[in-house]
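Overview (structure and organization)
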Amino acid sequence: MNAIEVRQLTRRFGDFTAVDDLSFSVGRGEIFGFLGSNGAGKSTTIRMLCGLLRPSSGTAVVGGVDVGADPEGVKRRIGYMSQRFSLYEALTVDQNITFFGGVYGLGRERLEARRAFVLEMAGLRGREKTLTRTLSAGWRQRLALGCAILHEPPIVFLDEPTGGVDPLSRRRFWLLIDQLADEGITILVTTHYLDEAEHCHRIAVIDAGRLAAMGTVAELKQLLAGRPIVEVRAGEPVAAMRALEAMPEVEKTSMFGTTVHAVLRAAGAAPGHLVGRLQEAGVAVSSCEVVEPSLEDVFLDLVERSAS
Amino acid sequence: MSLARSAVAVGVKEMRQIGRDRRTLLILLFVPAFFLLVYGYALNFDIRNVRLAVLDQDRSSASRELVAAFVNSGYFQLVGNLTASGEVNDVIDHDEARAVLVVPAGFGDDAATGRPTRVQLIINGDNANTATTVMAYGQSLVAAQSARYEMQARLRRVSGQPTGVGEVATSGAGRARPPSLTVEPRVWYNPELRSTLFLVPGLIAYIAMLTSVVSTALSIVREKEAGTMEQIRMSPVGPVAYVVGKTLPYFAIGLVSALGIVWLSMLLFDLPMRGSWTLLVASIALFLVGALGIGLLISTVAETQQVAFQIALLSSYLPTLMLSGFIFPIASMPVALQQVTYLVPARYFLVALRAIVLKGVGLTAFWPQLVALAVFAAALLGLASLRLRRQWA
Ligand SMILES: Nc1ncnc2c1ncn2[C@@H]1O[C@H](COP(=O)(O)OP(=O)(O)OP(=O)(O)O)[C@@H](O)[C@H]1O
Ligand SMILES: [Mg+2]
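This is a predicted model, so every value here is computed, not measured.

What counts, and at which threshold
Residues numbered from 1 in each chain as written. Chains lettered and ligands numbered in written order. Predicted model: local features only at pLDDT ≥ 70, side-chain atom pairs only at ≥ 80, totals over all residues. Heavy atoms only, no water. Helix = DSSP H or I, 4+ residues; strand = E, 2+ residues; numbered from the N terminus. Buried < 20%, exposed > 50% of the residue type's maximum accessible area, 1.4 Å probe, protein only. Contact = heavy atoms within 4.5 Å. Areas by Shrake-Rupley, 256 points an atom, 1.4 Å probe, with all protein chains shown as cover. Pairing = 2+ DSSP bridges. Near = heavy atom within 4 Å. Polar contact = N/O pair within 3.5 Å; in protein donor to acceptor, adjacent residues only side chain to side chain. Nonpolar A, V, L, I, M, F, W, Y, C, P; charged D, E, K, R; others polar. Patch = residues over 30% accessible without salt bridge, like charges linked within 9 Å, V, L, I, M, F, W, Y side chains within 5 Å. Salt bridge = Lys/Arg side-chain N within 4 Å of Asp/Glu carboxyl O. Buried area = accessible area lost by both parts, 1.4 Å probe. Axes fitted to C-alpha atoms, helices over the stretch in contact; angles between N-to-C directions. 1 Å grid on protein atoms, 1.4 Å probe; cavity = no way out; pocket = protein on both sides within 12 Å on 5 of 7 lines; lining within 4 Å. Points joined across faces, edges and corners; volume = space filled by probe spheres on them. Phe/Tyr/Trp six-rings, centres within 6.5 Å; stacked < 30°, edge-to-face > 60°. pLDDT = per-residue confidence, 0-100.

Regarding the overall build of chain B
- Tallying secondary structure elements over chain B gives 15 helices and five strands in all.
- The buried share of chain B, taken over its 393 residues, is 51%.
- Considering only contacts within chain B whose residues lie at least 6 apart along the sequence, 80% involve residues at least 24 apart.
- When the accessible surface of chain B is split by element, carbon and sulfur atoms take 63% of a total near 18,200 Å².

Laid out in structure tokens, this is it:
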């Protein structure tokens, strides 16, 4: 049985549909990523799956419990962590762990065992008496994760868990997530970071409340099959972008740092051909080559396609 | 997951947070005591040189003697002689005099013959404690003067009728006879003459507002702002356990602080505490529960601490100070405002507490007030929990 089964889940706020007819399932031990722009409906979906928000229609079964029928039953089976690392800043590390242990009804022995585990996992040994307020973001993030999994839930929801954290801490955090998944814990994580999405076994791209695409990273990249991506480096990238957009074989362009990516309408057009015409247009090109599509290319393609 | 266990977890956490926030704890526990000391002592200082105006309508040697007794006492300083009763208003209103002694025509004759007679002492009551003290001075001065007249009148009678000697002896021992001269005090602007002791019930109401309304509302809204509220809502802790755990610490602090004020007042200001402690604690608890209801209700409306504080200020704090009869007597308010005071729970609380502490009367005297408080508590808690339940999931 799947850990999470979502069928035609919909949530409306007045006239506005925040989550629109969403269906997907997540297997046990899977890391499932939710990718979407601000306001796409990621948090709203998670809130429904956690039993905090009633769906307008559709069903969600989480850990074998129908969320609509038994929201309280779901709460016992899940862990939740948000971007805000919702800890009590005025309390110490130990006191936060004690509090969440109490909230989930952990007995004394089990609490002590879990406390040891969380301190170890978060690298917070020796800082038990430190005020949470004074911890750096990376530590707070790992402590928040620890508190969310204190009661050993089989399913964990992480809503933008890596905001405001330095790259090293983010890497460390994802290692922890991988470990949890290896132990059979199911993880549903939302993110804006496309590089993080690559850690996920499968990804759902959400756009304006709708499921725009779903699959492994490789499967998603297949969406651009037959439409090669050409990466152009030029002295004036903006001028290069304009010139490329004027060409009939170019479907669209987008800026990637200092380079320009152009999606071609069909395979076969030689990059060398483009270089010549760019130079004709007065753009100094330093390199021009076909590249593998990145997840970002796919994401932009999906979002732009549904916008038009 | 038992309700009690989650409530305890939330309560312990809240206590730890309160303990960490020393400043707030100090405010909750000691500011009311500080108020009590400042007001109590400032108002209790011995009063000298009270500005006195005299309206002598008698102009006899006896009336001059009485005025001299007032001035020579050191407590009063003569600032003017009035000629018409219409001037009394003026000198009081412009604060030229704090008190006016009115000696009616015929006073001298009455005094000489030993007939009972009256003088009037008008006192500006805007400062309750000064007024009480001034009135006490006036009364003792008049009592002394009265004793002298009585003695003189009797001596005169004794010299004519030898049988009267026994009469002097008996009346001197019995003191049952009314004195021939009585003062009839009129305290303007504050006829109830509220003193430090009257301050105590008001201070307790103030504490309840501070701890139960403001602190509860702020601490819950703070959790909304920090996102910890959402974290708890994602957990198996239900709204009931959350609210119980969240409010009990503030209830306890409020109760301790309120009883501390009572105790301190008994120690320092001879508060009588005439009634039953059980009734006192029960009344305070009832009022605190209602106040917690207001705090909860505010927390379901406000999204930021600033908004919560402003709502608390306007809805409970200011009405408790201004419209409960704590600072301004309700009877002297405009009629429209008097109607509004019926919506202020502290109004009922003050009546009940004064009845218990100062008068020592039983439940029969103030049960309507307790019923009003219970209705407030039930309505506010009910409304708050209804709103919270809807927001919770
Ligand atoms: N309680 C609510 N009432 C009305 N509208 C809401 C409510 N909650 C969310 N929305 C709206 O639903 C949409 C989706 O919000 P949601 O928070 O799910 O987006 P998100 O994908 O999590 O975005 P972000 O990346 O910014 O967190 C937004 O437009 C938001 O304004
Ligand atoms: Mg979100």
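Having seen the structure, we can now continue with the description.
Concerning the pairing of strand β2 (residues 16-26) of chain A
- Two elements, strand β1 (residues 4-13) of chain A and β2(A), share seven bridges in a ladder whose sense is antiparallel. When the sheet's bridge partners are listed, Glu5(A) is paired in β2(A) with Ser25(A).

As for the site of ligand 1
Residue and element names in this part refer to chain A.
- Of all residues adjacent to ligand 1, which total 13 residues, the nearest are Asn 38, Gly 39, Lys 42, Ser 43 and Thr 44.
- At 3.1 Å from an oxygen atom of ligand 1 is found a main-chain nitrogen or oxygen belonging to Ala 40.
- Between ligand 1 and the protein, one listed contact pairs an oxygen atom with a side-chain N or O atom of Thr 44 at 2.5 Å.
- The fraction of the free accessible surface of ligand 1 (640 Å²) that becomes covered by protein chains is 59%.
- The greatest single-element share of the shell around ligand 1, amounting to three residues, is contributed by helix α1 (residues 42-49).
- Classifying every residue of the shell around ligand 1 gives four nonpolar, seven polar and two charged.

Describing a nonpolar patch on the surface
- The grouping of Leu314(B), Leu318(B), Met322(B), Ile327(B) and Phe328(B) at the surface amounts to a nonpolar patch, some 450 Å² of accessible area in total.
- Tracing the sequence through the fold places Ile327(B) in the loop between α12 (305-322) and α13 (335-340).

Some details on unusual backbone geometry
- The phi angle at Phe85(A) is positive, at roughly 45 degrees, despite the residue not being glycine.
- The buried category is assigned to Phe85(A), whose relative accessible area is 5%.
- The backbone phi angle of Arg59(B) is positive, close to 50 degrees, even though this residue is not glycine.
- Looking at the element boundaries, Arg59(B) is found in the loop between β1 (50-56) and α3 (61-72).

A few points about the interface of chain A and chain B
- Contact residues are listed per partner, giving 28 residues for chain A and 24 residues for chain B.
- Counting each side, the surface lost to burial between chain A and chain B is near 2,500 Å², with a carbon and sulfur contribution of 58%.
- Together, Leu52(A), Tyr80(A) and Tyr88(A) form the three largest contributors to the area buried by chain A at its contact with chain B, with a combined 25%.
- At the boundary of chain A and chain B, one finds one salt bridge.
- Residue Arg47(A) is joined to Glu230(B) by a salt bridge in which the shortest nitrogen-to-oxygen separation is 2.1 Å.
- Our count for the chain A to chain B interface comes out at 10 residue pairs in polar contact (both at pLDDT 80 or more).
- Broken down by secondary-structure element, the contributors of at least two residues to the side of chain A that touches chain B are α2 (71-77), β6 (78-82) and α3 (93-103) of chain A.

Quick word on the sheet that holds strand β3 (residues 31-36) of chain A
All names here are of chain A.
- Spatially, β6-β7-β8-β3-β9-β10 is the arrangement adopted by the six strands of the open sheet, whose pairing is mixed. The sheet is open, and its two edges are formed by β6 and β10 (210-215), each paired on a single side. Across the sheet, the mean angle separating the axes of adjacent strands is 15 degrees when strand polarity is ignored.
- Sheet analysis places strand β7 (residues 155-159) next to strand β8 (residues 186-191), joined by five bridges and oriented parallel. Bridge pairing links Phe 157 to Leu 188 in β8.

Some points on empty space enclosed by the protein
Residues and elements named next belong to chain A.
- Under the definition given, this model contains three cavities of 30 Å³ or more.
- In this structure, the largest cavity occupies an estimated 60 Å³ of space.
- Lining the largest cavity, in full, are Lys 252, Thr 253, Ser 254, His 261, Val 263, Asp 297, Leu 300, Asp 301 and Glu 304.
- Residue assignment for the lining of the largest cavity shows that the elements contributing at least two residues are β12 (250-256), β13 (259-264) and α11 (295-307).

A short note on the sheet that holds strand β4 (residues 57-62) of chain A
Residue and element names in this part refer to chain A.
- Within the open sheet, the four strands sit side by side as β2-β1-β4-β5. Their pairing is antiparallel. Lying at the two open borders of the sheet, with one neighbouring strand each, are β2 and β5 (65-66).
- Along the sheet, α1 contacts β1, β2 and β4; its crossing angle with β1, the most-contacted strand, is approximately 120 degrees.

Re the pairing of strand β4 (residues 117-124) of chain B
Residue and element names in this part refer to chain B.
- Most of β4 is tucked away, with six of its eight residues classed as buried.
- Sheet analysis places strand β3 (residues 99-103) next to β4, joined by four bridges and oriented antiparallel. Bridge pairing in β4 links Ala 99 to Ile 123.

What to know about the environment of Asp109(B)
- Inspection of the secondary structure assignment puts Asp109(B) in helix α5 (residues 107-113).
- Distance from Asp109(B) to Asp58(B), taken between C-alpha atoms, is 9.3 Å for residues 51 residues apart in sequence.

Here we look at the packing of aromatic side chains
- In the structure shown here, the tally under the stated rule is 11 aromatic pairs over all chains.
- Their ring planes at 70 degrees and their centres at 5.1 Å tell us that Phe99(A) and Phe100(A) sit as a pair that is edge-to-face.
- A relative accessible area of 3% places Phe99(A) in the buried class.
- According to the relative accessible area criterion, Phe100(A) is buried, its value standing at 3%.
- Pairing Tyr242(B) with Trp392(B) gives two aromatic rings, centres 5.3 Å apart and planes at 45 degrees, and the pair type is tilted. Of this pair, Tyr242(B) sits in helix α10 (residues 239-269) while Trp392(B) is found in helix α15 (residues 363-392), placing the two residues 150 residues apart along the sequence. Both residues of the pair, Tyr242(B) and Trp392(B), belong to the buried class.
- Three or more aromatic residues link up through ring pairs in this structure, and these residues are Phe24(A), Phe32(A) and Phe34(A).

Quick look at the confidence of the model for chain B
Residues and elements named next belong to chain B.
- Within chain B, residue pLDDT values average 82, and 86% of them lie at 70 or more.
- Taking the mean pLDDT of every element in chain B, the minimum, 33, falls on helix α7 (residues 164-174) and the maximum, 94, on helix α11 (residues 277-301).
- Scored below 50 in pLDDT, residues 161-178 makes nine contacts in the model with residues more than four places away or belonging to other chains.
- The model gives residues 189-194 a pLDDT under 50, and that stretch makes 22 contacts with residues more than four places away or in other chains.

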